[in-house]
Amino acid sequence: MFKRKNHRMLAMCAFCFGVAFSLSAFAATCEECWQSCFAQRVACRAAGTPASVCLINYNACGRACGCQIP
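Since this is a predicted model, take the numbers as computed values, not measurements.

### Structural notes on the state of the cysteines
The tally for this structure, following the rule as stated, stands at four disulfides. Each sulfur of the disulfide joining cysteine 37 and cysteine 61 lies 2.0 Å from the other. Linking cysteine 37 and cysteine 61, the disulfide has an S-S dihedral of approximately -80° and is accordingly described as left-handed. One end of the pair, cysteine 37, is in helix α1 (residues 2-46); the other, cysteine 61, is in helix α2 (residues 51-65), and 24 residues separate them in sequence. Here cysteine 37 and cysteine 61 have matching classes, each one buried. The disulfide partner of cysteine 44 is cysteine 54, and the S-S distance across this bridge is 2.1 Å. Linking cysteine 44 and cysteine 54, the disulfide has an S-S dihedral of approximately -85° and is accordingly described as left-handed. Within this pair, whereas cysteine 44 is found in helix α1, its partner cysteine 54 is found in helix α2, the two being separated by ten residues in sequence.

Structure representation (structure tokens):
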């Protein structure tokens, strides 16, 4: 009985670790994508494009990332 309980606990810990690891990798990918979108927005503004156009492009880029808006 004790051995079976230990195996269950070990399996549950391994599962939780795997989920946490994959979520952290997803968060890093989202951050990188949003940073790229922000860099594009800065370049857009530096080129003299109206702020409203740059903002629309920034939001479209962020939606394409598939992540929550930071």
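### Thoughts on the packing of aromatic side chains
Scanning the entire structure with this criterion turns up one aromatic pair. Ring centres of tryptophan 34 and tyrosine 58 lie 5.4 Å apart, and the angle between their planes is 65°; on these two criteria the pair is classed as edge-to-face. Residue tryptophan 34 is found in helix α1, and its partner tyrosine 58 is found in helix α2; the two are separated by 24 residues along the sequence. Assigned by exposure class, tryptophan 34 and tyrosine 58 land together as buried. In this structure, arginine 41 is placed above the aromatic ring of tyrosine 58, and the distance from its NZ or CZ to the ring centre is 5.1 Å.

### Some points on the nonpolar core
Nonpolar side chains tend to gather and get buried jointly when the protein is soluble and globular. Counting residues in hydrophobic clusters, the biggest one holds seven residues: Cys30, Trp34, Cys37, Tyr58, Cys61, Cys65 and Cys67. When contributions to this core are tallied by element, the ones reaching two or more residues are α1 and α2.

### Considerations on the environment of cysteine 67
If you trace the backbone, cysteine 67 turns up in the segment after α2. For cysteine 67, a relative accessible area of 16% gives the class buried. Distance in space between the C-alpha atoms of cysteine 67 and cysteine 30 is 5.9 Å, their sequence separation being 37 residues.

### Considering the environment of arginine 63
By the element assignment, arginine 63 lies in helix α2. Relative accessible area serves as the criterion here: at 61%, arginine 63 is assigned to the exposed category. Separated by 29 residues in sequence, arginine 63 and tryptophan 34 have C-alpha atoms that sit 9.5 Å apart.

What counts as what
Residues numbered from 1 in each chain as written. Predicted model: local features only at pLDDT ≥ 70, side-chain atom pairs only at ≥ 80, totals over all residues. Heavy atoms only, no water. Disulfide = S-S within 2.5 Å. Helix = DSSP H or I, 4+ residues; strand = E, 2+ residues; numbered from the N terminus. Buried < 20%, exposed > 50% of the residue type's maximum accessible area, 1.4 Å probe, protein only. Phe/Tyr/Trp six-rings, centres within 6.5 Å; stacked < 30°, edge-to-face > 60°. Lys NZ or Arg CZ within 6 Å of the ring centre and 35° of its normal. Core = buried A, V, L, I, M, F, W, Y, C linked by side-chain atoms within 4.5 Å.

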